[in-house]
Amino acid sequence: MSLTTDALPRLAGPRGIAELSELMARAHAENRTVAVFGGGTAFDDHPPASTPGLLIDLTSIAEVADQSGDTIRAGAGTRISALTRFAAQSGQEILADLPRDRIDAGATLGGMISTAATGPRSLRRPRLAETVESVTVIAADGTIARTAGGLHPDLGRRALPRLVTGSWGTRAIIAEAEIRLTERPETQGFVWIPGTEAACDLLTARRVPDAVVIERPPGSPAATVVQFEGDNDDVVGEIDHLADRIPGATPCAEPEWWGRRARLAATIELSAAPSFIPTLIDAVTRLETTIGYPLQLRGSATGVFELGIGAPESEPGVATRVALEHLRSFGLHCIAARLIHAPAPVWDEVDAWGPQPGRQGLVELKSLVDPRGILAPGRGIAGV
């Protein structure tokens, strides 16, 4: 791609950070809205972006620049699957756990960071935001920034990785990042437990499992699946201990759905206190009967879930609206519910976000780093 022409293209694939910076500077000067993509695995999540004035494909910025000790640095367009293979050569893996379905579909480093992606193994592993050591970003006006102060002087005391992780491309464009690695575990083991009564107790067990996931398939009772990883003898010992202690606990193979998101016609993200989980499961069962559409609940015993709604394509908005309104009726002190995935028309038919006490702060932050509002407008948390 050449930037020597007078006309700024509608679709661009910059070959490096400098070219990406020039693209943004020109888009800013022309007041064009901008959206970026890598693997495209989260394109259907969050509100769909209106057609941007400039769409940037970052997959050409994919060089693995460096691996040093327990970190790896790479371009934002680098596929996570490629980073995983690269790290495996030295017996390591990415420290944060990431959703397997997105990895298999070609998710990139920048995309995972900008959407704050997470997998089931978050009990003993840090979240992705905590494993990003450094980032290089391009500001809305084309400035190349490696600290938050480079986006705006008032942000100088904030950490840039945390500022852009989970921002959905609304604050700056991630061009390169350095993330932490960890030693690959020797083995992994799984235990299936009927029901969910044991799930909360496992969070404070003598040895907290690496994952405690609750799965309620459509029309079926909920069950708990526990994962241990580490040395072979340690994993076997923990599985045997669990099987002896909890009635019905049975060693099992890795479930086919493990590490994958609950994606049906529409998906609602839920955050609930662990003590509220039994009530949540009962509410989902009643909802399924009431609206007549299959519901799939999947998430961690810590209280973060996805509720997939298998509504027919002809009227997914009706089922989604009923589910959101019912779940929110318990109050924010019990549960928070927001839409994260749905056909484009549904976003205009429902209150996708619900109560968002911190929205004003997000708006003020956006106005600091992108006063013209050209970066992915409306794609961020709370529709910012």
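Q: Would you mind showing me how to read the side chain of E306 here?
A: Looking at the element boundaries, E306 is found in strand β16 (residues 304-309). Excluding residues within four positions of it along the chain, E306 makes contact with R261, A262, R263, T267, I268, Q296, L297, R298 and I340.

Q: Would you explain helix α9 (residues 277-291) in this entry?
A: Here α9 is 15 residues long and its end C-alpha atoms lie 21 Å apart, about the 21 Å a rise of 1.5 Å per residue gives. Of all the positions in α9, only I277, L280, I281, A283, V284, L287, E288 and I291 are classed as buried. With its buried residues spanning 160° around the axis, α9 presents them on a single face. Among the exposed residues of α9, those oriented more than 90 degrees off its buried face are T289 and T290. Where the residues of α9 are buried, they touch β11 (211-216), β14 (266-272), β15 (295-300), β16, α10 (316-328) and β17 (335-341). Count one or two residues on from α9 and you reach G292, which has phi positive near 75°.

Q: I tried to follow the confidence of the model for the chain on my own but got confused; where do I start?
A: Should pLDDT be low for a region, the predicted coordinates there are not to be read in detail. Confidence along the chain averages 93 in pLDDT terms, with 98% of residues attaining 70 or more. When mean pLDDT is compared element by element in the chain, strand β8 (residues 144-145) scores highest at 98, while strand β4 (residues 64-68) scores lowest at 77.

Q: When you look at the packing of aromatic side chains in this model, what are you seeing that I'm missing?
A: The relative placement of two aromatic rings is captured by the distance of their centres and the angle of their planes. In the structure shown here, the tally under the stated rule is 5 aromatic pairs. Members of the aromatic cluster, joined through ring pairs, are F190, W257 and W258.

Q: How should I be thinking about helix α12 (residues 359-369) in this particular structure?
A: An α-helical turn contains 3.6 residues, so any two residues separated by three or four positions project in the same direction. Three or more residues of α12 are buried, namely L365, K366 and V369. For α12, the buried positions fall inside an angular range of 100° around the axis, keeping them on one side. Check the buried side of α12 and you find it contacts α6 (160-164).

Q: How do you make sense of the side chain of E176 when you look at a structure like this?
A: Structurally, E176 is set in strand β9 (residues 173-183). The class for E176 is buried, based on a relative accessible area of 18%. Polar side-chain contacts of E176 include one of 3.5 Å to the side chain of R73. Residues in contact with E176, not counting those within four places in the same chain, are I17, A65, R73, A74, G75, A76, S134, V135 and T136.

What counts, and where the lines are drawn
Residues numbered from 1 in each chain as written. Predicted model: local features only at pLDDT ≥ 70, side-chain atom pairs only at ≥ 80, totals over all residues. Heavy atoms only, no water. Helix = DSSP H or I, 4+ residues; strand = E, 2+ residues; numbered from the N terminus. Contact = heavy atoms within 4.5 Å. Expected span 1.5 Å × (residues − 1). Buried < 20%, exposed > 50% of the residue type's maximum accessible area, 1.4 Å probe, protein only. Arc of directions from axis to C-beta. pLDDT = per-residue confidence, 0-100. Phe/Tyr/Trp six-rings, centres within 6.5 Å; stacked < 30°, edge-to-face > 60°. Polar contact = N/O pair within 3.5 Å; in protein donor to acceptor, adjacent residues only side chain to side chain.

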